[in-house]
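Working through the structure, step by step
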Amino acid sequence: MFTSIFITAVIVSAFFDQQQRRHKTELQIEYEKLGKKIPAEPSKLPMLESIANVVVGLILLEIGGLTLWEMLSTIGILGGDVTSKTAPLQTDFSAALLAGGITLIILGTKGVLANLRFRRASAHAS
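These numbers come from a predicted model, not from an experiment. (Residues numbered from 1 in each chain as written. Predicted model: local features only at pLDDT ≥ 70, side-chain atom pairs only at ≥ 80, totals over all residues. Heavy atoms only, no water.)

Now for the overall build of the chain. Assigned secondary structure in the chain consists of 3 helices and 0 strands. Starting at the N terminus, the α and β elements of the chain follow one another as α-α-α. Looking at the chain residue by residue over its 126 residues, the buried ones come to 14%. Taken as a whole, the chain presents about 9,400 Å² of accessible surface, with 70% of it coming from carbon and sulfur. (Helix = DSSP H or I, 4+ residues; strand = E, 2+ residues; numbered from the N terminus. Buried < 20%, exposed > 50% of the residue type's maximum accessible area, 1.4 Å probe, protein only. Areas by Shrake-Rupley, 256 points an atom, 1.4 Å probe, with all protein chains shown as cover.)

Tallied over the entire structure, the rule returns 1 aromatic pair. Ring plane angle 50° and centroid distance 5.8 Å describe the contact between Phe15 and Phe16, whose orientation is recorded as tilted. For Phe15, a relative accessible area of 46% gives the class partly exposed. (Phe/Tyr/Trp six-rings, centres within 6.5 Å; stacked < 30°, edge-to-face > 60°.)

So, on to a nonpolar patch on the surface. Taken together, the side chains of Ile51, Val55, Ile59 and Ile63 make up a nonpolar region of the molecular surface, amounting to roughly 330 Å² of accessible area. Turning to its location among the elements, Ile51 is positioned in helix H2 (residues 47-78). Overall, Ile51 belongs to the partly exposed group, its relative accessible area being 42%. (Patch = residues over 30% accessible without salt bridge, like charges linked within 9 Å, V, L, I, M, F, W, Y side chains within 5 Å. Salt bridge = Lys/Arg side-chain N within 4 Å of Asp/Glu carboxyl O.)

Moving on, we get to the confidence of the model for the chain. Looking at the chain as a whole, the pLDDT averages 85, with 86% of positions reaching at least 70. For the chain, per-element mean pLDDT is lowest for helix H3 (residues 83-125), which scores 84, and highest for helix H1 (residues 2-34), which scores 89. (pLDDT = per-residue confidence, 0-100.)

Turning next to the environment of Thr3. Residue placement: Thr3 occurs in helix H1. Sequence-wise, Thr3 and Asp92 are 89 residues apart; in three dimensions their C-alpha atoms are separated by 7.5 Å.

Before going further, it helps to spend a moment on the pattern of salt bridges. For the coordinates displayed, the defined rule picks out 2 salt bridges. The partner of Lys110 in a salt bridge is Asp17, and the shortest N-O contact between them spans 3.3 Å. Residue Lys110 is located in helix H3, and its partner Asp17 is located in helix H1; the two are separated by 93 residues in the primary sequence. Overall, Lys110 belongs to the partly exposed group, its relative accessible area being 44%.

Listed below in structure tokens is the structure:
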């Protein structure tokens, strides 16, 4: 279940990223027609929040990896009898933690890069 939700979220995110790129391209064409330079776009997240997203994402990724590792170790020690009752729930939990961690790392990294780009553009404009 969690895997299908994550896959759907990735597809929707890719669609919105494509829409955003299309919008920026159209905006760039309009600015070129007017003969003006495109102003620097401010970041949607503050720098501290972006860094916090990366840190929390790393923590979730580590917890999810440890949970998955623990489940696989338990299956290896106790054999295949345990998998029918505990593995589906632990697998879903691990998948949710791993997916959430990866998502937060990606969003945080995009936020940090956007903040750095905006700061550089603001420094050059001054």
